[in-house]
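Residue strings, one per chain:
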Amino acid sequence: MLDNKNPYKTSISEYGEFGLIDHLTNNFIPKNTSTLKGVGDDAAVLDPKDKKVLVSTDMLLENIHFNLAYTPLKHLGYKAVVIGLSDLVAMNATPEQILVSIAVSNRFPVEALEEIYTGMHLACKHYSIDLVGGDTASSHLGLVINITTIGYAHKEEIVYRKGAQPNDLLVVSGDLGGAYFGLQVLERENSVFKVNPNLQPDLSSYTYILERQLKPEARTEIKSLLKEMDIHPTSMIDISDGLASEIIHLSQQSKVGFSIYEEKIPMDSQVITTAEEFGINPVTGVLNGGEDYEILFTIPIEDHDKIKHNPNFTIIGHATENQENVLITKGNTQRIPLNAQGWDAHFSKSKQAPE
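This write-up is about the structure you can find in this document. Source: prediction; values computed, not measured.

1. As for the overall build of the protein chain
Alright, step 1. Within the protein chain one finds ten helices and 13 strands.
Alright, step 2. The C-alpha extent of the protein chain, read off along each of the three principal axes, is 65 × 60 × 35 Å.
Alright, step 3. Expressed as a percentage of the 355 residues in the protein chain, the buried residues total 52%.
Alright, step 4. Taking as baseline every contact in the protein chain between residues at least 6 positions apart, the subset at least 24 positions apart corresponds to 86%.
Alright, step 5. Of the roughly 16,900 Å² of accessible surface on the protein chain, 51% is carried by carbon and sulfur atoms.
Alright, step 6. Distance between charge centres in the protein chain, computed from 29 positive and 47 negative side chains, equals 2 Å.

2. Quick look at the environment of Val172
Alright, step 1. Position of Val172 relative to the elements: it lies in strand β7 (residues 169-173).
Alright, step 2. For the pair Val172 and Phe313, spaced 141 residues apart in sequence, the C-alpha separation works out to 5.6 Å.
Alright, step 3. Setting aside chain neighbours within four positions, we find Val172 in contact with Ile239, Pro266, Ile295, Leu296, Asn312, Phe313, Thr314 and Ile316.

3. A word on the nonpolar core
Alright, step 1. One finds Ile98, Ile102, Met120, Leu143 and Ile145 to be the most contacted residues of the largest nonpolar core, which totals 35 residues.
Alright, step 2. Counting residues per element, the ones that place at least two in this core are α1 (16-25), α2 (73-89), β4 (94-104), α3 (110-127) and β6 (144-153).
Alright, step 3. Element by element, the count of residues in this core is highest for α3, at nine residues.
Alright, step 4. Not counting chain neighbours up to four residues away, the residues in contact with Leu143 comprise Leu60, Leu61, Glu62, Phe66, Leu68, Leu76, Ile102, Ala103, Val104, Phe108 and Ile116.
Alright, step 5. Core analysis: the next-biggest nonpolar cluster, separate from the first, contains 24 residues, Ile248, Val256, Phe258 and Ala319 among them.

4. Quick notes on the packing of helix α4 (residues 178-195) against helix α5 (residues 207-214)
For any two helices packed against each other, the geometry comes down to the angle between their axes and how far apart the axes lie.
Alright, step 1. Running from amino to carboxyl end, α4 crosses α5 at an angle of 100 degrees, the nearest separation of the two axes being 7 Å. Taken together, the axis directions place α4 and α5 in an arrangement best described as roughly perpendicular. Each of Gly178, Ala179, Phe181, Gly182, Leu183, Val185 and Leu186 in α4 lies in contact with α5, whose residues at this interface are Ile209, Leu210, Arg212, Gln213 and Leu214.
Alright, step 2. Tallied by class, residues from the contact of α4 with α5 come to eight nonpolar, three polar and one charged.

5. Some words on the pairing of strand β8 (residues 235-239)
Remark: a regular strand shows side chains that alternate across the two faces of the sheet.
Alright, step 1. For β8, a buried count of five out of five residues is recorded, marking the element as mostly surrounded by other parts of the structure.
Alright, step 2. Two elements, β8 and strand β10 (residues 294-299), share five bridges in a ladder whose sense is antiparallel. Bridged to Asp238 within β10 is Ile295.

Reading guide: rules and limits
Once a new chain begins, its residue numbering starts again from 1 and follows that chain's sequence as written. Per-residue local features are limited, in this predicted model, to residues with pLDDT of at least 70; the limit for side-chain atom pairs, both in listing and counting, is 80 or more; totals at the level of whole chains, interfaces and linings are taken over all residues. Heavy atoms throughout the structure, all of them, feed into the side-chain values; hydrogens and water do not. For helices the rule is a DSSP run of H or I covering at least 4 residues; for strands it is a run of E covering at least 2, with both sets numbered from the N terminus onward. Accessible area is worked out with a 1.4 Å probe on protein chains only. A residue is then buried under 20% of its type maximum, exposed over 50%, and partly exposed in between. Contacts between residues were defined by any pair of non-hydrogen atoms, one from each residue, lying within 4.5 Å. Reported accessibility uses the Shrake-Rupley method at a 1.4 Å probe radius. Residues are deemed covered only where the shown protein chains occlude them. When charges are tallied, Lys and Arg are placed among the positive residues and Asp and Glu among the negative ones, while His and the ends of the chain are skipped. Lysine's charge is taken at NZ, arginine's at CZ, aspartate's at CG and glutamate's at CD. Buried residues of nine kinds, namely Ala, Val, Leu, Ile, Met, Phe, Trp, Tyr and Cys, make up a nonpolar core once their side-chain atoms join them within 4.5 Å. An axis is simply a line fitted to the C-alpha atoms; with a helix, the fit covers only the stretch in contact. Between two such axes, the angle follows the N-to-C directions and lies from 0 to 180 degrees. Any angle from 65 to 115 degrees is called roughly perpendicular, while one under 35 is roughly parallel, one over 145 is roughly antiparallel, and all others are oblique. Amino acids are sorted into nonpolar (Ala, Val, Leu, Ile, Met, Phe, Trp, Tyr, Cys and Pro), charged (Asp, Glu, Lys and Arg) and polar (every other residue, Gly among them). Following DSSP output, two strands are said to pair if at least two bridges run between them.

Here it is as structure tokens:
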């Protein structure tokens, strides 16, 4: 659980609730001008000035959203922040504050929470985010982390899921599938470890996809990239639950269909080779996996020339008139209705490979 193997562990009871919060947050110094008062009072005080305020929340539960057998606590803290930021990036907003609430069982010493908050501090520093409040509580169900993210945007900047129009281009940032196949590697090696704890895995050929799973990054730069290209998306969503789920969300909210081209879906070479190793079609993993935290959006077809050569983005399809037609094209002729499995398994069991 801990990087530091010091046998002495500090009980949370030695600090008490308020002392623990002070201990864990004393390195978080507000930097954004919208933060008037952060940690240390009954409430944070924020000043949106002339912008709209966007708020999102995410909850992460042990053995549902993460497995501490192979998830370093520092990485978990970093990832928790990234997950929250991604929701606001997906609305073309600028995230500036987070509130963190954590519930832990008595098996977690103070040192474990210190590692989680170290990861959060690194993420806040990297993305210029202020931690402005939160809470701690006891838990009989292991570790629970809740992140509330606050961001800002001018009214005309905000992008919803509902604005796509027929013939709009469907665009994705980065590459997809890395987080899902990184998870498959971690689950496999964890199973092997349970059988033989003395066997040390060689993960050197999976570095990229493991990082995509354990320490993803939020695409906070996308807002400025699109602004520089004079592109305003018509709809937008982050890819947390698998590409198929997100396309269907855009379809339902915008009341359009989509035609997607399989060969256009961007995938890293490690995704393809690892998929072959597991006997899984890599596209299946991309469509029904998740946690890539890339951004999926639509733009008017007139903006095609502005974006077509940008290495940060890939055009993977277009919107159509009929909402009932959400299709993926394989090769030149085969058109298959797109179905989403996504991460609905969260409500019944921990993550596993899609069927």
